[in-house]
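This is what each chain is made of:
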Amino acid sequence: MFAARKILSDIPRFTWRYMVARTFKVAIVGAGGGIGQPLSLLLRQSPGITELALHDLHGTKGLAADHSHICTRCQVSGYEGEGELETAVSKSDVVVVAAGMPRLPGMERDHLMAANGNVAIKVTNAISVACPHALVAFITNPINMIVPAAAEILKAAGTFSPERLFGITTLDVVRSKTFIAEHMQISPDTVNIPVIGGHAGKTILPLISQCQPHFKGNASDIEKLTCRIQEAGTEVVKAKAGKGSATLSMAFAGAKFVDSLLRALNGEEGLVECAYVASDLTDAPFFASPVELGKQGIKRYLDLPNLSESEKHALKKLLPVLQQNAIEGQLFARNSTAERIKKLSN
Ligand code: LMR
């Protein structure tokens with residue numbers, strides 16, 4: 001527990017000013033969308049990236065032309081359509097997947113599986129052929145099901161490494177830092193807090209008892225903040241009134257997470273991020289928790305932090321939900337593979 005606290009407090013701030021020994025190719029799938037576009041702009045400023053491949057069904061050639069006028073050394077190229085997907089991700093060190101539909105008001109993230117599950121599976125198949133050693137980070141919702149589905153596809157292809165597959169849950173940490181800082185009237189930069197579980201409603205569990213600096217507030221403040229963090233995605237969906245979900249904050253969070261992956265690939269030590277990954281920390285096969293990053297992806301799973309009584313209770317309630325989400329994701333992938341094989345044999 002103490003070690004986890006120490007490392008969390010040592011996380012460097014998100015800044016693009018650092019030295020790199022190596023540079024990398026990063027591919028963004030879904031680069032033309034509301035998250036993909038700002039994500040590409042943030043990532044091209046990273047000293048760790050010299051090649052940025054933008055893939056989407058259409059529009060990325062124009063985005064690449066637009067990018068090409070920016071005076072940083074990163075080379076950006078655009079790839080369009082399913083036919084160019086493998087070329088886009090080929091030889092990537094990191095692939096970030098933001099492709100898919102956003103939520104509309106009244107929808108839960110789970111409702112997106114029918115639309116986004118197949119997208120994630122196509123992308124995972126392409127990754128498994130064209131860059132099987134890449135670190136793969138999903139933004140596409142529902143994260144709680146998409147990551148188990150992707151794992152299933154990679155397992156069937158013989159290219160699954162648990163330490164290289166991530167669901168990005170950084171936005172839950174970013175929101176926790178922001179809302180807690182507002183409450184405590186301090187700078188969000190100074191707040192560190194682990195967020196565990198998953199990335200939907202009550203499966204998002206911010207461990208306010210472990211907040212640094214120590215949280216100042218009563219039980220009712222904790223309950224209100226926890227609820228706001230859990231419903232923050234829906235807050236944006238409602239505010240956008242039918243025009244999608246969080247894009248800018250998600251791009252910021254995605255860029256922060258990819259920055260940590262790249263720093264770790266470059267040999268920087270002690271980088272800890274919370275992410276939704278294959279895990280045996282709890283009874284759920286996929287679980288978001290703090291992991292230390294290294295040159296191969298996950299270097300070490302940190303132990304679960306100490307939990308307050310109410311956090312223990314919330315964890316007990318969310319685990320069956322995550323177990324069920326994982327089963328649904330895995331079944332979706334198996335059915336989709338069976339259908340693909342049937343089509344090929346007809
Ligand atoms: C978020 O947390 O903002 C995203 O997962 C998008 C959504 O549907 O809420």
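Scoring rules and cut-offs
- Each chain has its residues counted from 1, running along the sequence as written.
- In keeping with the model being predicted, local features are shown solely for residues with a pLDDT of at least 70 and side-chain atom pairs are shown and tallied solely at 80 or more, while totals for entire chains, interfaces and linings include all residues.
- Values reported for side chains reflect all heavy atoms of the structure, with hydrogen atoms and water molecules removed beforehand.
- We define a nonpolar core as any set of buried Ala, Val, Leu, Ile, Met, Phe, Trp, Tyr and Cys residues linked to one another through side-chain atoms lying within 4.5 Å.
- Partly exposed residues are those whose accessible area sits between 20% and 50% of the maximum for their type, while under 20% is buried and over 50% is exposed, using a 1.4 Å probe and protein chains only.
- Domain boundaries shown here were taken from an automatic or database domain assignment.
- Here, two residues are considered to be in contact whenever any of their heavy atoms come within 4.5 Å of each other.
- We count a stretch as a helix when DSSP gives it H or I for four or more residues in a row; a strand needs E for two or more, and each element gets its number in order from the N terminus.
- A helix is expected to span 1.5 Å for every residue after the first.
- This arc corresponds to the set of directions leading from the helix axis out to the C-beta atoms.
- Counting of polar contacts relies on pairs of N or O atoms within 3.5 Å, with two restrictions inside protein: one atom must be capable of donating a hydrogen and the other of accepting it, and residues adjacent in sequence are counted only when both atoms are side-chain atoms.
- All axes are obtained by fitting lines to C-alpha atoms, using only the stretch in contact for helices, and the reported angles, taken between N-to-C directions, cover 0 to 180 degrees.
- Two helices crossing with the near one rotated counterclockwise from the far one by less than a right angle form a left-handed crossing, whereas a clockwise rotation gives a right-handed crossing.
- Each residue is assigned to one of three groups, with Ala, Val, Leu, Ile, Met, Phe, Trp, Tyr, Cys and Pro labelled nonpolar, Asp, Glu, Lys and Arg labelled charged, and all others, Gly among them, labelled polar.
- One heavy atom within 4 Å of a molecule or strand is enough for the residue carrying it to be called near that molecule or strand.
- Note on areas: these come from Shrake-Rupley sampling with a 1.4 Å probe, and a residue is covered only by the protein chains present in the view.
- Two strands pair under a simple rule: DSSP has to find at least two bridges between them.

A. Looking closely at the nonpolar core. Of all hydrophobic cores here, the largest spans 47 residues; its most connected members are Val-95 and Phe-138. Residue-level mapping places this core at the junction of two domains, with at least three residues from each of domain 1 (21-169) and domain 2 (170-321). Look past the residues within four positions of Val-95 in its chain and what remains in contact with it is Ala-27, Val-29, Val-89, Ile-127, Cys-131, Ala-134, Leu-135, Val-136 and Ala-137. Counting residues in hydrophobic clusters, the runner-up holds 43 residues, among them Ala-246, Ala-255, Ala-264 and Ala-275.

B. Focus on helix H8 (residues 219-230). Compared with the 16 Å implied by 1.5 Å per residue over 12 residues, the 16 Å span of H8 between its first and last C-alpha is a close match. Of all the positions in H8, only Asp-221, Leu-225, Thr-226, Ile-229 and Gln-230 are classed as buried. Viewed end-on, H8 has its buried residues packed into an arc of 160 degrees, placing them on one side of the element. H8 presents Glu-223 and Lys-224 as exposed residues on the side facing more than 90 degrees away from its buried surface. Contact partners of the buried residues in H8: helix H7 (170-184), strand E8 (204-206) and helix H9 (232-240). Two or three places before Ser-220, at the opening of H8, Asn-218 has a side-chain oxygen 3.2 Å from that residue's backbone nitrogen.

C. Spatial organisation of the packing of helix H5 (residues 113-130) against helix H6 (residues 143-157). For the pair H5 and H6, the least separation of the axes is 9 Å and the interaxial angle reads 35 degrees. As for how H5 packs across H6, the hand of that crossing is right-handed. In this structure, H5 contributes Met-113, Asn-116, Gly-117, Ala-120, Ile-121, Thr-124, Asn-125 and Ser-128 to the contact, and H6 contributes Met-145, Ile-146, Ala-149, Ala-150, Ile-153, Leu-154 and Ala-157. When grouped by side-chain class, the residues that make up the contact of H5 with H6 number 10 nonpolar, 5 polar and no charged.

D. Representation of the side chain of Ser-92 within the structure. Inspection of the secondary structure puts Ser-92 in the loop between helix H4 (85-89) and strand E4 (94-97). Ignoring any residue separated from it by four or fewer positions in sequence, one finds Ser-92 in contact with Lys-25, Ala-27, Cys-131 and Ala-134.

E. The site of the ligand, seen in detail. Close to the ligand lie Arg-103, Arg-109, Asn-141, Leu-171, Arg-175, His-199, Gly-233, Ser-245, Ala-246 and Met-250, which account for all nearby residues. Within the side chain of Asn-141, a nitrogen or oxygen atom sits 2.7 Å from an oxygen atom of the ligand. Take His-199: an N or O atom from its side chain is 2.6 Å from an oxygen atom of the ligand. Protein burial of the ligand: of its 260 Å² of free accessible surface, 98% is covered by the chains.

F. Molecular detail of unusual backbone geometry. That bond from Asn-141 to Pro-142 is cis: its omega, 0 degrees, falls within 30 degrees of zero. Residue placement: Pro-142 occurs in the loop between strand E5 (135-138) and H6. Cis geometry is adopted by the peptide bond preceding Pro-213, which originates at Gln-212 and carries an omega value of -5 degrees. The backbone phi angle of Lys-91 is positive, close to 60 degrees, even though this residue is not glycine. Locating Lys-91 in the fold gives a position in the loop between H4 and E4. The phi torsion at Ala-241 lies on the positive side, around 45 degrees, for a residue other than glycine. Mapped onto the elements, Ala-241 comes out in the loop between H9 and helix H10 (248-265).

G. Quick look at the pairing of strand E11 (residues 297-301). Two elements, strand E10 (residues 286-294) and E11, share 4 bridges in a ladder whose sense is antiparallel. Bridge pairing in E11 links Gly-294 to Gly-297. In this structure, the hairpin formed by E10 and E11 is closed by a connection of 2 residues.

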